[in-house]
Amino acid sequence: MKFGTKVIHAGIYPDKATGAVMTPIYQTSTYAQESPGKHKGYEYSRTQNPTRAVLEANLAALENAEYGLCFASGLAAMDAIFRLLNPGDEIVASNDLYGGSYRQITKVHERYGLKGHFVPMNDLSNIKEAVNENTRLIWVETPTNPMLNIVDIKEICDFGREAGIWVCVDNTFASPYLQNPIDLGADMVLHSATKYLGGHSDVVMGAVVVKDGAVAEQLAFIQNSVGAIPGPQDCFLVLRGIKTLHLRVQRACDNAAMIAAFLADHPKVKHVYWPGFKDHPNHEIAKSQMRDFGGMVSFNLIEDSTEAANRVLSNTAIFTLAESLGGVESLIGHPASMTHAAIPREERMKVGLTDSLIRLSVGVEDVDDLIQDLKKAIG
Ligand SMILES: *Cc1c(COP(=O)(O)O)cnc(C)c1O
C-alpha cells in the first residue's frame, strides 16, 4: 500500500459488530467477561481499547514499523521511552531540541539518575565524543525546532547499531508523510500527535512506534503500569485527522516554499531558515531523507530585537500568535519567549535562536492571503 492509501485504510476495518465504516468511539472503561478471564481480548481500557488499538495499528503502518503505542501527550510518550532506561544510563540528545523535551530530560529524569548530553548533531563526531559506556539512547530531532537544521538520520542509526545504542527520532516536525526514520535504521520513532497527525489543533496526544517486539512489550507494560493513555474520543480525532495527513502536509509544504521565497526577498528580513533552500547547510540530506521540506519556516529580522519581533507578532491577522504547530491554520510564534523560554539566553544564542527569531507553522489556507498578511505585519 502507498502512503495515501495507508492513511485511510491501514489497520482500519469496518466495525465487526455493526459494520460502521468509521472506527467507533468505544467510550467504555471495562468489558463484559463470559466467565473469569474469558473475554474478547479487552478487559479494561487502560490496558486496551478498540479505538486506540486501531489508531496504534494505523500509526505503525504509516511509519513502516510493527507496533504503535499511544500516550496522553508527546511528552508522556517520551517519558515512557526514558523509563526503558535505568539509573546511571546516559542519553545523547540534540542541543537544538524541543524545549519541553530538554526540560523533561534535565528537570525530571536527571533527578532519577539518567544523564543527558546535548550536542550539535550536524556532525557525527560530536555524538561520538559524548558517547561513553553508559550511553543507551541517542535522541534525534529533525528538522530541529525552531532552527530547522537537518540531521542525517541514517548516519546516526548506522553508528548506533554498531555501538549497540538505541536511536529514537522525534518525527513530529516532518510527520510520517515526509520522513520515515524506521526505514533509515531508527529503533523508535516518537510523535507529538498533537501536531500534524491530529492536524486540527483540537487534541493533545503522543505516540511511539517500534519494530522490535521485545521493546514494544516493555513499552506496553509501561503504558499500562504508568497509565498515561489517551481517551477513545481523542484517538478518534487523531484517526480522523490522519485521513487527510498527506493532503494537508503537502499543501503546507507548497505554501511554506512560497512564503520562504517571499521572506528571503524582504528587505527587513535578515535570514530565513528553511531546508528547501539550496544554500541551507543540509539541503542535500533533507532532499535525500524527506519527501518535501515541511511546513515550518523560521526567520529573523535585520533589527534583531524582541521589540521588532513583537511588532510583527502582534500585527498579523491570519497568522495566529500561539504555541504549537501542524494544524490547518497558520500560526506565528516567538521561540525566545514562548516555546524555548526554558533555555537560557546564552544557550539559545549559540544555536542562532536570537531575540527577533520568528517561527511560522504554515497552514493550508490560500497562500496569497498568508503572504499579504506577512507583508502588512513586517511593514
Ligand atoms: C510538541 C512537541 C513535543 C511534545 O508533544 P506534546 O504533545 O505537546 O506533549 C515533542 N516534540 C516536538 C518536536 C514537539 O513539537
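Residues numbered from 1 in each chain as written. Predicted model: local features only at pLDDT ≥ 70, side-chain atom pairs only at ≥ 80, totals over all residues. Heavy atoms only, no water.

## What about the packing of aromatic side chains?
Line of reasoning, step 1. Taken as a whole and judged by the stated rule, the model has six aromatic pairs.
Line of reasoning, step 2. When the centroid spacing of 5.7 Å and the interplanar angle of 55° are considered together, the rings of Phe3 and Tyr177 count as tilted. One end of the pair, Phe3, is in helix H1 (residues 3–9); the other, Tyr177, is in helix H7 (residues 175–178), with 174 residues separating them in the sequence. Like Tyr177, Phe3 is buried.
Line of reasoning, step 3. Here Tyr31 and Tyr42 contribute two aromatic rings whose centre-to-centre distance is 5.5 Å and whose plane-to-plane angle is 35°, an arrangement assigned as tilted. On the criterion of sequence distance, the pair formed by Tyr31 in the loop between H1 and helix H2 (50–62) and Tyr42 in the loop between H1 and H2 is long-range, its members being eleven residues apart.
Line of reasoning, step 4. Tyr31 sits in the buried class, given a relative accessible area of 15%.
Line of reasoning, step 5. Sitting over the face of the ring of Trp166, Arg136 holds its NZ or CZ atom 5.1 Å from the ring centroid.
Line of reasoning, step 6. Over the aromatic face of Tyr98 sits the side chain of Lys195, whose NZ or CZ is 5.1 Å from the ring centroid. (Phe/Tyr/Trp six-rings, centres within 6.5 Å; stacked < 30°, edge-to-face > 60°. Helix = DSSP H or I, 4+ residues; strand = E, 2+ residues; numbered from the N terminus. Buried < 20%, exposed > 50% of the residue type's maximum accessible area, 1.4 Å probe, protein only. Lys NZ or Arg CZ within 6 Å of the ring centre and 35° of its normal.)

## Quick word on the side chain of Asp96
Line of reasoning, step 1. On the secondary structure map, Asp96 appears in the loop between strand E2 (90–94) and helix H4 (99–108).
Line of reasoning, step 2. Setting aside residues no more than four positions away along its own chain, Asp96 makes contact with Glu141, Thr144, Asn145, Pro146, Met147 and Asn149. (Contact = heavy atoms within 4.5 Å.)

## As for the sheet that holds strand E9 (residues 296–301)
Line of reasoning, step 1. Spatially, E8-E9-E12-E11-E10 is the arrangement adopted by the five strands of the open sheet, whose pairing is mixed. With partners counted over all chains shown, the strands left at the sheet margins are strand E8 (269–273) and strand E10 (320–321), one partner each.
Line of reasoning, step 2. Where strand E11 (residues 331–333) and strand E12 (residues 358–361) come together, three bridges link them in antiparallel fashion. Looking at E12, one finds that Leu331 is bridged to Ser361. (Pairing = 2+ DSSP bridges.)

## Focus: the domain arrangement of the protein
Line of reasoning, step 1. The domain architecture assigned to the protein consists of domain 1 (3–242) and domain 2 (245–378).
Line of reasoning, step 2. Relative placement of domain 1 and domain 2: their C-alpha centres are 26 Å apart.
Line of reasoning, step 3. Listed as interface residues are 38 residues of domain 1 and, on the opposing side, 36 residues of domain 2.
Line of reasoning, step 4. Counting the surface lost from both domain 1 and domain 2, the interface buries some 3300 Å², and carbon and sulfur atoms represent 64% of this.
Line of reasoning, step 5. If you look at where domain 1 meets domain 2, you find zero salt bridges.
Line of reasoning, step 6. When residues of the side of domain 1 that touches domain 2 are assigned to their parent elements, the largest contribution, four residues, is made by H7.
Line of reasoning, step 7. Split by residue class, the side of domain 1 that touches domain 2 holds 22 nonpolar, 14 polar and two charged. (Domains from an automatic or database assignment. Buried area = accessible area lost by both parts, 1.4 Å probe. Salt bridge = Lys/Arg side-chain N within 4 Å of Asp/Glu carboxyl O. Nonpolar A, V, L, I, M, F, W, Y, C, P; charged D, E, K, R; others polar.)

## Here's the deal with the pattern of salt bridges
Line of reasoning, step 1. All chains considered together, the criterion is met by nine salt bridges.
Line of reasoning, step 2. For the salt bridge of Lys38 with Glu34, the shortest nitrogen-to-oxygen distance reads 2.9 Å.
Line of reasoning, step 3. Given a relative accessible area of 45%, Lys38 falls into the partly exposed group.
Line of reasoning, step 4. In this structure, Asp158 engages Arg161 in a salt bridge whose closest nitrogen and oxygen atoms are separated by 3.6 Å. In this pair, Asp158 and Arg161 are both assigned in helix H6 (residues 153–163), three residues apart and thus about one turn of the helix distant.
Line of reasoning, step 5. Here Arg161 falls in the exposed class, since its relative accessible area comes to 56%.

## A word on the site of the ligand
Line of reasoning, step 1. Taken together, 13 residues lie around the ligand, and Gly74, Asp170, Ser192, Thr194 and Lys195 are the ones closest in.
Line of reasoning, step 2. Between the ligand and the protein, one listed contact pairs a nitrogen atom with a side-chain N or O atom of Asp170 at 2.7 Å.
Line of reasoning, step 3. In the model, an oxygen atom of the ligand is placed 2.8 Å from a nitrogen or oxygen of the Ser192 side chain.
Line of reasoning, step 4. Of the residues in the shell around the ligand, the class split is five nonpolar, five polar and three charged. (Near = heavy atom within 4 Å. Polar contact = N/O pair within 3.5 Å; in protein donor to acceptor, adjacent residues only side chain to side chain.)

## A short note on unusual backbone geometry
Line of reasoning, step 1. The omega angle of the peptide bond from Thr142 to Pro143 is -5°, so this bond is cis rather than trans.
Line of reasoning, step 2. A positive phi is found at Asn64, a non-glycine position, where the angle reads about 55°.
Line of reasoning, step 3. With respect to the helices, strands and loops of the structure, Asn64 is situated in the loop between H2 and strand E1 (67–71).
Line of reasoning, step 4. The phi torsion at Ser175 lies on the positive side, around 70°, for a residue other than glycine.
Line of reasoning, step 5. Secondary-structure assignment places Ser175 in helix H7.

## Thoughts on helix H3 (residues 74–82)
Line of reasoning, step 1. Counting buried residues in H3 gives eight out of nine residues, a clear majority hidden from the surface.
Line of reasoning, step 2. Taken as a whole, H3 has its buried residues at Gly74, Ala76, Ala77, Met78, Asp79, Ala80, Ile81 and Phe82.

## Describing the packing of H2 against helix H9 (residues 232–242)
Line of reasoning, step 1. Taken N-terminus to C-terminus, the directions of H2 and H9 make an angle of 35°; their axes are 9 Å apart at the nearest point. Read as a crossing pair, H2 and H9 show a hand that is left-handed. Residue-level contacts link Thr51, Arg52, Val54, Leu55, Asn58, Leu59 and Leu62 of H2 to Pro232, Cys235, Phe236, Val238, Leu239 and Ile242 of H9.
Line of reasoning, step 2. Across the contact of H2 with H9, the residue classes break down as ten nonpolar, two polar and one charged. (Axes fitted to C-alpha atoms, helices over the stretch in contact; angles between N-to-C directions. Left-handed = near helix turned anticlockwise from the far one by under 90°.)

## Things to note about the nonpolar core
Line of reasoning, step 1. Membership of the largest hydrophobic core comes to 62 residues, with the highest contact counts inside it found for Ile259, Leu263 and Leu360.
Line of reasoning, step 2. In terms of residue count, the dominant contributor to this core is helix H10 (residues 245–264) (eight residues).
Line of reasoning, step 3. A domain-level breakdown of this core finds at least three residues from each of domain 1 (3–242) and domain 2 (245–378).
Line of reasoning, step 4. Formed by 27 residues, the second largest nonpolar core is a distinct cluster that contains Leu85, Ala93, Ile105 and Val215. (Core = buried A, V, L, I, M, F, W, Y, C linked by side-chain atoms within 4.5 Å.)

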